[in-house]
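# Examination of the molecular architecture
In case you want the letters, here they are:
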Amino acid sequence: MELNFRKEKGVYVAEFEATSDFNLHIEREQEGSISVLQRTTPSGEYDSVYMGGYFNREHKTIDCDFVGAIYPKYIKVVSQVEVIKGEVTFNA
């Protein structure tokens, strides 16, 4: 599934529903912070997936697997810089 990022309050945001384990692939033209947040309810507030972990470092490309025990999960990706490619691949 291709992610569509929208500019919101000076950052780039995409949201999607994960129904099984997935891989998140993000490509950007420059380095900048990126956050991945989740919630297990269709509405409400998001929480950080990783606190002080991988996503707090600055990278142009992110490729990471996500494995969970509870689905669905609602995922929000927030990038400080523009995303040129964002894709989610689900476990079949």
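What you see is a predicted model; the values in this text were computed from it and never measured.

### Some thoughts on unusual backbone geometry
Along the chain, Tyr71 connects to Pro72 via a cis peptide bond; the corresponding omega equals 5°. Mapping Pro72 onto the fold places it in the loop between strand S6 (61–66) and strand S7 (73–79). Within the chain, Lys9 stands out as a residue other than glycine whose phi angle is a positive 55°. With respect to the element layout, Lys9 can be found in the loop between strand S1 (6–8) and strand S2 (11–18). Judged by relative accessible area, Lys9 falls into the exposed class, the value being 84%.

About the criteria used
Residues numbered from 1 in each chain as written. Predicted model: local features only at pLDDT ≥ 70, side-chain atom pairs only at ≥ 80, totals over all residues. Heavy atoms only, no water. Helix = DSSP H or I, 4+ residues; strand = E, 2+ residues; numbered from the N terminus. Buried < 20%, exposed > 50% of the residue type's maximum accessible area, 1.4 Å probe, protein only.

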